[in-house]
Amino acid sequence: MSLVSIVIPIYNAEEFLEKCLNSILEQSFREWELILINDGSTDRSLEICKAYQAKDTRFQVFSQPNAGPSAARNLGVEKSKTEYIAFVDADDWLDENYLKFLIEPLLSDSKIDMVICDYIELSKYNPNGNYLHHLPENLRNRKISSFDYANFLFTGVNGVLWGKIFKNSIIRNNNLKLDSRIRLSEDLIFILEYLIYTNYIFSISDNLYFYNRLQENNLSGLLKMSHINDLKLTNEAIMKLAPSLNINTEHIIKMRTAELLKKLSYDTVLSKGIWSSSKKELKQISILTNRFNDLPIGNKKDEIHVFLLRNKQFLLDRVFVNAFESLNLVRLMIKKNILK
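Given the structure is predicted, the values throughout are model-derived calculations rather than measurements.

Asker: Explain the overall build of the protein chain to me, please; I cannot follow it from the model alone.
Answerer: What the protein chain contains, in helices and strands, is 12 helices and 10 strands. Put simply, the protein chain has 340 residues, and 51% of those count as buried. Looking at the protein chain alone, contacts between residues at least 24 apart form 78% of all its contacts between residues at least 6 apart. Summing over all exposed atoms, the protein chain offers an accessible surface of approximately 16,600 Å²; the carbon and sulfur share of this is 51%.

Next up, the structure:
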């Protein structure tokens, strides 16, 4: 009988899907079931899933009209039948000992309710992988309280579902679901809610999850104006949940708002170019930025960017952002020996 359910939401993931599925087949820990949720893919993703299902009975394939990754993961949780559950993204892959190392602390200590591991980030600038850690060195390879871990959720990629294993009973007994209305930080809200019902988290320092950013181009992952509503929804959820975990909500809300407004305005310029008609969107962001005068600004680049925004110097800001981005790209390419 399977002990772990692995849930993978899939939407047009054919390029890396087989690599992902093969990494699960190669797991040294064998007691798993794989739940593949085809979220309305229009490429060969469903065909690939069914081919693997025909070869291994542990593969289960379900399809739904495109509803987003949160709805797909919720369906995966609903279909799972095991004691533990893990989430993997369809374009990522796993070290062969991923499940083995993550399941061991759960089996050895009943007070441990979630296990996390470190990861390897792959991008076009680091195709061989950058080995990264979730937590400071003094908190790795040990058991830490849910309260201690909760304060790290807002740093790095701690607030994502991958790289972790959960107890299915906690999810089911408390009817935990991802909010499909939110398309920004929905994972973080789910984990926050999960932590309320937990005792301890165990952190493994081994880099066992391969986080794939190889497909990203200069404009991928850019924020849109619609994300302002997502920020509102996530901030409301944080304010509701965080007090139960002794988290300083005022500081977190300010940091998240500042980062989103800076990145949103920056991305608006990058996606539309120097001479584009981005003035309307930037004016909206300028109004919001001026509304929050006490937000942390950050480095010198951010300081100049926010100053220009607040003073409605939109053309000058577009020139500055594009010039800085171009210079930063050249520096990175020189560093990686792409340019000499």
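Alright, that's what it looks like, and here's the rest.
Asker: It is not clear to me how the side chain of Ser 41 should be interpreted in this structure. Could you clarify?
Answerer: Assignment of secondary structure puts Ser 41 in the loop between strand E2 (32-39) and helix H2 (45-55). Residue classification places Ser 41 among the buried positions, given a relative accessible area of 16%. A distance of 3.3 Å separates a polar atom in the side chain of Ser 41 from the backbone oxygen of Ile 10. A distance of 2.9 Å separates a polar side-chain atom of Ser 41 from the backbone nitrogen of Asn 12. In this structure Ser 41 touches Ile 10, Tyr 11 and Asn 12, once residues within four positions along its chain are discounted.

Asker: Would you mind going over the pattern of salt bridges with me for this structure?
Answerer: Summed over all chains, the structure comprises 10 salt bridges. Between Asp 109 and Lys 143 there is a salt bridge, and its shortest N-O distance comes to 2.9 Å. Pair noted here: Asp 109 is in the loop between helix H4 (98-108) and strand E6 (112-123) and Lys 143 is in strand E8 (residues 142-145), with a separation of 34 residues, a long-range link. In this structure, the salt-bridge partner of Arg 181 is Asp 179, at a minimum N-O distance of 2.7 Å. With relative accessibility at 25%, the residue Asp 179 sits in the partly exposed group. One network of salt bridges, in which partners are shared, links Arg 73, Asp 89 and Asp 187.

Asker: Just checking my understanding: could you explain the packing of aromatic side chains for this structure?
Answerer: Pairs of aromatic rings are described using the distance from one ring centre to the other and the angle between the two planes. Taken as a whole, this structure holds 13 aromatic pairs when the rule is applied. Taken together, a centroid distance of 6.3 Å and an interplanar angle of 70 degrees make the contact between Tyr 119 and Tyr 211 edge-to-face. Here Tyr 211 lies in strand E10 (residues 200-213) and Tyr 119 lies in strand E6, a separation of 92 residues in the sequence. Tyr 119 sits in the buried class, given a relative accessible area of 7%. Taking the centre distance of 6.2 Å and the plane angle of 80 degrees together, the rings of Phe 166 and Phe 190 count as edge-to-face. Of this pair, Phe 166 sits in strand E9 (residues 164-167) while Phe 190 sits in helix H7 (residues 186-196), and the two are 24 residues apart along the sequence. One aromatic cluster is present, formed by Tyr 98, Tyr 119, Trp 162, Tyr 209 and Tyr 211 through successive ring pairs. A cation over a ring is seen here: Arg 58 above Trp 32, with NZ or CZ 3.8 Å from the ring centre.

Asker: I tried to follow the pairing of E10 on my own but got confused; where do I start?
Answerer: Along any regular strand the residues' side chains alternate between the sheet's two faces. Most of E10 sits out of view: 11 of its 14 residues are buried. Two elements, E6 and E10, share 11 bridges in a ladder whose sense is parallel. Residue Leu 122 lies in a different strand from E10, and its bridge partner there is Asn 212. Across four bridges, the pairing between E8 and E10 is antiparallel. Each bridged residue has a counterpart across the sheet, and for Ile 144 the counterpart in E10 is Ile 201.

Asker: What is the right way to read the side chain of Ser 5 from this model?
Answerer: Along the chain, Ser 5 falls in strand E1 (residues 4-10). The contacts of Ser 5, once residues within four sequence positions are left out, are Glu 33, Ile 35, Ser 80, Lys 81, Thr 82, Tyr 84, Ile 85 and Ala 86.

Asker: How do you make sense of unusual backbone geometry when you look at a structure like this?
Answerer: Leaving glycine out, the prevailing phi sign among residues is negative, and the prevailing peptide bond configuration is trans. Positive phi, close to 45 degrees, is recorded for Asn 12, a residue that is not glycine. Structurally, the position occupied by Asn 12 is in the loop between E1 and helix H1 (14-25). Even without being a glycine, Asn 175 presents a positive backbone phi close to 50 degrees. Along the chain, Asn 175 falls in the loop between helix H6 (168-173) and H7. For Asn 175, a relative accessible area of 54% corresponds to the exposed category.

Cut-off values and rules
- Residues numbered from 1 in each chain as written.
- Predicted model: local features only at pLDDT ≥ 70, side-chain atom pairs only at ≥ 80, totals over all residues.
- Heavy atoms only, no water.
- Helix = DSSP H or I, 4+ residues; strand = E, 2+ residues; numbered from the N terminus.
- Buried < 20%, exposed > 50% of the residue type's maximum accessible area, 1.4 Å probe, protein only.
- Contact = heavy atoms within 4.5 Å.
- Areas by Shrake-Rupley, 256 points an atom, 1.4 Å probe, with all protein chains shown as cover.
- Polar contact = N/O pair within 3.5 Å; in protein donor to acceptor, adjacent residues only side chain to side chain.
- Salt bridge = Lys/Arg side-chain N within 4 Å of Asp/Glu carboxyl O.
- Phe/Tyr/Trp six-rings, centres within 6.5 Å; stacked < 30°, edge-to-face > 60°.
- Lys NZ or Arg CZ within 6 Å of the ring centre and 35° of its normal.
- Pairing = 2+ DSSP bridges.

On their own, these measurements won't tell you what the molecule is for.
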